[in-house]
Amino acid sequence: MLPSGEAGAQPTGANVGLRLEAILAQPIDCQYKSFPVTDQPVQIGAAGRQGWNALQPPFSTPVMVLKDRALQHNIDLMAEYCSAHAVSLAPHTKTPIAPQIADRQQAAGAWALTVADVHQARVLRSVGAQRLFLANEVVDAAAASWIARELDQDPSLEIYCLVDSERGASLLDGHLTSAGFRGRLPVLIELGIPGARCGCRSVADAIDLARTVARLERLRIAGAEAYENLFPPGTAEQTIGRVDQLLGGLRELVTRLDTEGLLQGAHEVLVSAGGSMWFDRVAAKLAGPWALSQPVRTLIRAGSYVTHDAVEYEKFSPLAGRSGGSPKLEQALELWAAILSRPEPELAILNFGKRDAAHDRGFPVPFAAQTENGPASLPPEKYEVLSLNDQHARMRLPADSPLAVGDLVGSYISHPCTSFDNWRLIPLVTDQYDVIGAVRSYL
């Protein structure tokens, strides 16, 4: 078993810094919500030198902020967890699609960067990422051609992707051949969940697929993969049982791949699973011991840990609600908005809506306010976002609440991935909301 900080015979290019100069040189203009628009445009890299505070003019509301201290705490905490549990980390960068954050994750020891599609891979390649785990199937010619070109142009680049069908594997193989690719792209056999998303529905089907892939000219099997966060809602105990069963199947699959000699030309076997809720089960079930002909690298791909959230991940993450201890992940994203109206005693209207806030896994959770009399905490049992329109939020509050029109309300977010989708540039702030930078997100 290879611990997270050990690269074995693999190149170490994935752990060098990303080239961020082009991002930092971009001007801040009217395409970025909430930021001041100045007579002489400020470059993103100079945002922290303007003396701005994100909750004061010239910033406008609503504004989403990224807390620098909490962000770094979460990155460091996950790195420490992986090191202690002998697993490697390929953080799923689809959460922020922010090279500046990915750079921090690599600096903390991330073995690779995970992406969901070729667009995300192109963003990270544009800043020099050297090891990408594309956690998806690739079946279209344009995507495969891009992969082929990148690998041909940079021999030190590593790209991994998934296969789950003979048809898909054959398409990928053919597209690579048509693009003139002469190498062998490393792929992982995906084991799936019945009724859920991609992946072979049984170990037997996965082995049959692997035998086909082994005969293809432009692919080689590097290991096996699963994604465990797709089971129907249930209690933590119920879900853990289902997750463990899936991971047991993944272990069986990898063992059979090795026994049948289907792991071609690999000096280590990749075994990958682990979103942001159940990565502790991946460490428990897949980190070892293994009795294979080659060493195993157990790779988790958590992404939302980087900013955390106040709803599902706060409840289920092994570094938050399920752990029952500390240190734990912290809320790094906050959404601040102004009260536009109190049309009824127990109703306030805030100036954010669906175009500003994640709402696919619950609404933002109010936690604090900035009033004329200073800051105030908002007890969650008394303050609640009830619904969202495009640009408005309805918030329940006590009839005797002192909050008034013009006061600011801060909320924790409910889903990091779809929160970043609404903000292309986010101020990076201290705990006092002083702006020390700006993070560019690519949808």
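Just above sits the structure.
Rules used in this analysis
Counting from 1, residues in each chain are numbered in the order their sequence is written. Only residues with pLDDT of at least 70 get local features here, since the model is predicted, and only at 80 or more are side-chain atom pairs given and counted; chain-wide, interface and lining totals rely on the full set of residues. With hydrogens and water set aside, each side-chain value is computed from the structure's full complement of heavy atoms. Strands here mean DSSP runs of E at least two residues long; helices mean DSSP runs of H or I at least four residues long; both are numbered from the N terminus. The size measure is the radius of gyration over C-alpha atoms, and the globule rule it meets is 2.2 Å times the number of residues to the 0.38 power. In what follows, a contact means two residues having at least one pair of non-hydrogen atoms within 4.5 Å. Using a 1.4 Å probe, the Shrake-Rupley method yields the accessible areas, and only the shown protein chains count as cover for residues. Positive residues here are Lys and Arg, negative ones are Asp and Glu, while His and the chain termini are left out of the count. Charged side chains are reduced to one point each, which is NZ for Lys, CZ for Arg, CG for Asp and CD for Glu. Pairing between two strands requires that DSSP report at least two bridges joining them. Lines fitted to C-alpha atoms define the axes here, with helix axes fitted over just the stretch in contact, and angles between the N-to-C directions of these axes take values from 0 to 180 degrees. Any residue with an atom within 4 Å of a point lines the site, the site being either a cavity, points on a 1 Å grid over the protein atoms alone where a 1.4 Å probe fits but cannot get out, or a pocket, an open set with protein on both sides within 12 Å along at least 5 of 7 lines. Grid points are joined across faces, edges and corners, and a volume is the space filled by probe spheres set on the points. Only centres within 6.5 Å qualify two rings of Phe, Tyr or Trp (six-membered ring in Trp) as a pair; their planes then separate them into stacked at under 30 degrees, edge-to-face at over 60, and tilted for everything else. Buried, partly exposed and exposed residues are distinguished by accessible area as a fraction of the type maximum, computed with a 1.4 Å probe on protein chains only: under 20%, between the cut-offs, and over 50%, respectively. By definition here, a salt bridge exists when the distance from a side-chain nitrogen of Lys or Arg to a carboxyl oxygen of Asp or Glu is within 4 Å.

Trainee: Whenever I open this one, the overall build of the chain confuses me. Can you help?
Mentor: On a plain count of helices and strands, the chain comes out with 11 helices and 20 strands. Radius of gyration (C-alpha) of the chain: 23 Å, near the 22 Å computed for a compact globule of 443 residues. Each principal axis of the C-alpha distribution contributes one length, and for the chain these read about 70 × 50 × 35 Å. Put simply, 73% of the contacts in the chain that link residues at least 6 apart link residues at least 24 apart. Entry remark: accessible area of the chain is about 17600 Å², with carbon and sulfur atoms responsible for 50%. Taken as two groups, the 39 positive and 49 negative side-chain charges of the chain have centres that lie 3 Å from each other.

Trainee: Where do I start with the sheet that holds strand β8 (residues 185-191) in this structure?
Mentor: Either a parallel or an antiparallel arrangement is found when strands of a sheet pair, and the pairing is made through backbone hydrogen bonds. If you walk across this open sheet you meet the eight strands as β4-β11-β10-β9-β8-β7-β6-β5, and the pairing is parallel. The outermost strands of the open sheet, each flanked by one partner alone, are β4 (88-89) and β5 (113-115). Summarising the sheet, β5 and strand β6 (residues 131-137) pair through three bridges and their orientation is parallel. Paired with Leu 113 across the strands is Leu 132, a residue of β6. With respect to the sheet, helix α7 (residues 203-213) is in contact with β7 (158-163), β8 and β9 (219-226), its orientation differing from that of β8 by roughly 160°.

Trainee: Is there a simple way to think about the layout of surface pockets in this case?
Mentor: If a probe the size of a water molecule is rolled over the atoms, the empty space left behind becomes visible. What the largest pocket holds in volume is close to 540 Å³. When contributions to the lining of the largest pocket are tallied by element, the ones reaching two or more residues are β6 and β8. The greatest single-element share of the lining of the largest pocket, amounting to three residues, is contributed by β6. One number sums up the size of the second largest pocket: a volume of about 310 Å³. Contributions of two or more residues to the lining of the second largest pocket are made by β7 and β9. With three residues, β7 is the largest single contributor of residues to the lining of the second largest pocket.

Trainee: How do you make sense of the packing of aromatic side chains when you look at a structure like this?
Mentor: A ring pair, where both rings are aromatic, is described by two values, the distance of the centres and the angle of the planes. Taken as a whole and judged by the stated rule, the model has 10 aromatic pairs. The interplanar angle of 70° and the centroid separation of 6.4 Å between the aromatic rings of Phe 35 and Trp 52 together place this pair among those described as edge-to-face. In this pair, Phe 35 sits in the loop between β1 (27-28) and β2 (42-43) while Trp 52 sits in the loop between β2 and β3 (63-67), placing the two residues 17 residues apart along the sequence. Each member of the pair, Phe 35 as well as Trp 52, carries the same accessibility label: buried.

Trainee: How should I be thinking about the pattern of salt bridges in this particular structure?
Mentor: A pair can form between side chains of opposite charge whenever their charged atoms are brought close. All told, the structure shown has 19 salt bridges when counted by the stated rule. For Arg 69, the salt bridge identified is with Asp 431, shortest N-O distance 2.8 Å. Of this pair, Arg 69 sits in helix α2 (residues 68-84) while Asp 431 sits in the loop between β19 (425-429) and β20 (435-440), and the two are 362 residues apart along the sequence. We classify Arg 69 as partly exposed; its relative accessible area is 43%.

The analysis is restricted to geometry; functional conclusions fall outside its scope.
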